[in-house]
Protein chains: 2
Amino acid sequence: MDLKRIGEFGLIDRLTKRNGFPNSKLDIGIGDDCAVFKPSPGKRQVVTTDALIEHIHFNLSTITPYQLGWKSLAVNLSDIAAMGGVPRFAFLSLGIPTHCDVTFLDSFSKGFHDLAGKYEVELAGGDTTRSLNDLFINVTLIGEVSSKKFFCRKGAQEDDALFVSGDLGDSALGLELLQTPGKSWIASKTARAQLIRKHTQPEPRVNLARELVSCNVKITSMIDISDGLAQDLGHICKANSLGAQLWEQELPSSPALRKVCRSNNLNPMSYILGGGEDYELLFTSPSKDAKKVLRHFQKAEVSVSQIGVMLASPKKLTLVGENDREVNINSIKGFDHFK
Amino acid sequence: MDLKRIGEFGLIDRLTKRNGFPNSKLDIGIGDDCAVFKPSPGKRQVVTTDALIEHIHFNLSTITPYQLGWKSLAVNLSDIAAMGGVPRFAFLSLGIPTHCDVTFLDSFSKGFHDLAGKYEVELAGGDTTRSLNDLFINVTLIGEVSSKKFFCRKGAQEDDALFVSGDLGDSALGLELLQTPGKSWIASKTARAQLIRKHTQPEPRVNLARELVSCNVKITSMIDISDGLAQDLGHICKANSLGAQLWEQELPSSPALRKVCRSNNLNPMSYILGGGEDYELLFTSPSKDAKKVLRHFQKAEVSVSQIGVMLASPKKLTLVGENDREVNINSIKGFDHFK
């Protein structure tokens, strides 16, 4: 159905009707000039914003509208998670070209609200407008952290243990599978689906982050991995004037990634170290707490691995591989939109 | 200069360096996954977001990058003003096509920060990315209102007096002047510049709104005029199940608008009632307070006019003109992006 038939206000109704909370936390919600809400006592507000642009971040031939709605919120949830925050209110701006019709937007909305519902995020406002060429999506997400305990990039110390959640590299390999449909990949249907899903419908680590806030271990710094392990670890190093040593044997990867890399003669390390959009959490903890961290998360819904240590030398970023050979990996760069 | 030379992080540095506050109000600012700040005690948070998209909201042939930076913040400031809020933190997302170079973005940034500085708004975060075709701009603005006194669309009563700030219609006529360069307009250089400036570099009514909060008159509802007087008044009517009567003789218009309309045989009412992007404030007050309101704002930096009254009949929207003739103006519609 064409958007002309429902108009701007009809579209807003459709985008917001899935807001499935019986008790809105807003004093003033959608339909006024601003959303108005009361911050919880003793909390700090945390805010992030991320844009997804057609042909740059996604192509409609390789992602479904449902996944796109999901992902546009997921990437923001991942940022709130990185601070140890509880997400609360989302603001969605859409620039809609004529090739996106009402059916498309209904599916988009379902994906967005399915994830929002999972973490009790309320769509609190936004802007819907036409776009001449490309679909433009921007989400701003507001959450809360305890004034006494939240995480950021700064805080890591020399010798701190370095941890990561989940597996690395799946998203980047999934994207490559999507972008090269003509290439004769050797990959099982299951492995293929798993890698692609990590790219198209990532699961933000909100619950793990909340557990890191409430558990009895000290977290000294945290970041989410969106630009690739090497680059995001570089941000932690820079913020603390430290270096880091990664342990190749400990870098977590999925059986799917290892199998597809082996079958197609690819180096898994390039995906694990340099691949973007993992949306896993990378964090540090004093080395004396390392075992406590691993024990605590042994039975968590997502795995936690120690992958290295922080070093005193600023800018030193190395990988220790087989036979304890240590190589410099400073040159592995993540994605830069303008380079 | 090409963006490739400075890269994503170089661009972020350039966009943020103008943040001219010696004392940042942020606990964590740009460079982390989220901004973190402490809400002021006893305040509610107010949030708005607006997207500006090339070829839809602006054309780079008729607006300078400086004006575009200014305007992208101004439209959001206007929404915060409509709630009676104090703006605090801005989040800027940019999707940048190759035709926007570093010089363009420096000017954009100057326009943005010149207005931000005027109202002590701090750029607290954002997202910068490439765009294939069009320039995308999204701004989210967070402010605060007193928990005890803030404005929204709901609250107007039958017989309430209806007020508007400034002059109406200039922006719409200014846009028409810009869009029809080939047409032989009869317009003085000064009038032309004044009308166009109202479109390209609007002045949000933040100070007036703050005065409405602190002064001793009761404001029952408020909205900013972005879609045109008739449509935005329609929103107030709908929110309160009321109608409204406008007084043609009292609708404020600038000498420039009246003169250019007269010289070019145009009906000023179509701009005053239906023209969008005025970014003036439309508000209601009990009729017994009407004189007090007018007296209070007699010497304000921007004029305030009573332009009509609220009516009991829902959906009734009329204009009383010469000889007390009353005509229905329900059919005047503002802008709908999808119709």
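Small disclaimer: the values here were computed from a predicted structure and weren't measured. (Residues numbered from 1 in each chain as written. Chains lettered and ligands numbered in written order. Predicted model: local features only at pLDDT ≥ 70, side-chain atom pairs only at ≥ 80, totals over all residues. Heavy atoms only, no water.)

A word on the overall build of chain A
Of regular secondary structure, chain A possesses 10 helices and 13 strands. Each principal axis of the C-alpha distribution contributes one length, and for chain A these read about 65 × 55 × 35 Å. For chain A, contacts bridging at least 24 residues in sequence account for 84% of all contacts bridging at least 6. Just so you have it, chain A exposes about 13900 Å², and 48% of that area is on carbon and sulfur atoms. Separation of charge centres in chain A, based on 40 positive and 39 negative side chains, amounts to 4 Å. (Helix = DSSP H or I, 4+ residues; strand = E, 2+ residues; numbered from the N terminus. Contact = heavy atoms within 4.5 Å. Areas by Shrake-Rupley, 256 points an atom, 1.4 Å probe, with all protein chains shown as cover. Lys, Arg positive; Asp, Glu negative; His and termini not counted. Charge placed at Lys NZ, Arg CZ, Asp CG, Glu CD.)

Describing helix H6 (residues 206–214) of chain B
Because an α-helix completes one turn every 3.6 residues, residues spaced three or four positions apart along the sequence face the same direction. Residue and element names in this part refer to chain B. By the burial criterion, the buried members of H6 are Val206, Leu208, Ala209, Leu212 and Val213. The buried residues of H6 occupy one face: seen down the axis, they fall within an arc of 165°. In this structure, the buried residues of H6 make contact with helix H2 (65–82), strand S4 (86–96), strand S7 (161–165), strand S8 (221–224), strand S10 (281–285) and strand S11 (304–311). (Buried < 20%, exposed > 50% of the residue type's maximum accessible area, 1.4 Å probe, protein only. Arc of directions from axis to C-beta.)

Some remarks on the relation of the copies chain A and chain B
Take chain A, turn it by 180°, move it 0.0 Å along the axis, and it overlays chain B with an RMSD of 0.0 Å. Taken together, the rotation and translation describe the operation of a two-fold axis. Mapped onto chain B, 100% of the interface residues of chain A again fall at the interface, so both copies present the same surface. (Least-squares fit on C-alpha atoms with pLDDT ≥ 70 in both.)

Considering unusual backbone geometry
All names here are of chain B. Located in the positive-phi region is His55, a residue other than glycine, with phi close to 75°. You can see His55 is positioned in the loop between strand S3 (43–53) and H2. Residue class for His55 comes out partly exposed when judged on its relative accessible area of 36%.

Focus: the confidence of the model for chain A
Do not read the fine detail of predicted coordinates wherever pLDDT is low. Chain-level statistics for chain A give a pLDDT mean of 94 and a share of 97% at 70 or above. Taken over the whole predicted complex, pTM reads 0.95, whereas the ipTM for its chain interfaces reads 0.95. (pLDDT = per-residue confidence, 0-100.)

Remarks on the interface of chain A and chain B
Listed by partner, the interface residues are 67 residues for chain A and 67 residues for chain B. For Asp27(A), the salt bridge goes to Arg44(B), with nearest N and O atoms at 2.8 Å. Inspection of the region where chain A meets chain B yields 25 residue pairs in polar contact (both at pLDDT 80 or more). When residues of the side of chain A that touches chain B are assigned to their parent elements, the largest contribution, 10 residues, is made by strand S3 (residues 43–53) of chain A. The residue inventory of the side of chain A that touches chain B, partitioned by class, reads 30 nonpolar, 19 polar and 18 charged. Summarising the sheet, strand S2 (residues 35–37) of chain A and S3(B) pair through three bridges and their orientation is antiparallel. Of the residues in S3(B), the one forming a bridge with Val36(A) is Val46(B). (Salt bridge = Lys/Arg side-chain N within 4 Å of Asp/Glu carboxyl O. Polar contact = N/O pair within 3.5 Å; in protein donor to acceptor, adjacent residues only side chain to side chain. Nonpolar A, V, L, I, M, F, W, Y, C, P; charged D, E, K, R; others polar. Pairing = 2+ DSSP bridges.)

Quick look at the environment of Lys25(B)
All names here are of chain B. For Lys25, the position within the fold is in the loop between helix H1 (3–16) and strand S1 (26–28). In this structure the C-alpha to C-alpha distance between Lys25 and Asn240, which are 215 residues apart in sequence, comes to 37 Å. When near neighbours in sequence (up to four residues on either side) are disregarded, Lys25 contacts Phe37, Arg88, Phe89 and Glu122.

Topic: the packing of H2(B) against helix H3 (residues 102–118) of chain B
Residue and element names in this part refer to chain B. Where H2 contacts H3, the two axes come as close as 6 Å, and the packing angle between them is 40°. For the pair H2 and H3, the crossing hand works out as right-handed. From H2, Pro65, Tyr66, Leu68, Gly69, Trp70, Ser72, Leu73, Ala74 and Leu77 reach across to H3, where they touch Phe104, Ser107, Phe108, Lys110, Gly111, Phe112, Asp114, Leu115, Ala116 and Lys118. (Axes fitted to C-alpha atoms, helices over the stretch in contact; angles between N-to-C directions. Left-handed = near helix turned anticlockwise from the far one by under 90°.)

What about the environment of Glu120(A)?
Relative to the elements of secondary structure, Glu120(A) occurs in the loop between helix H3 (102–118) and strand S5 (122–130). Between the alpha carbons of Glu120(A) and Pro87(A) there is a distance of 7.6 Å; along the sequence they are 33 residues apart.

Considering the pairing of strand S9 (residues 243–247) of chain A
Residues and elements named next belong to chain A. Burial of S9 is extensive: four of the five residues sit out of reach of the surface. As judged from the four bridges shared by S9 and strand S11 (residues 304–311), these two strands associate in the antiparallel manner. Counterpart to Leu246 in the pairing with S11 is Gly308. Sheet topology note: the S9/strand S12 (residues 317–320) ladder contains four bridges and is parallel. The partner of Ala244 across the bridge, within S12, is Leu317.

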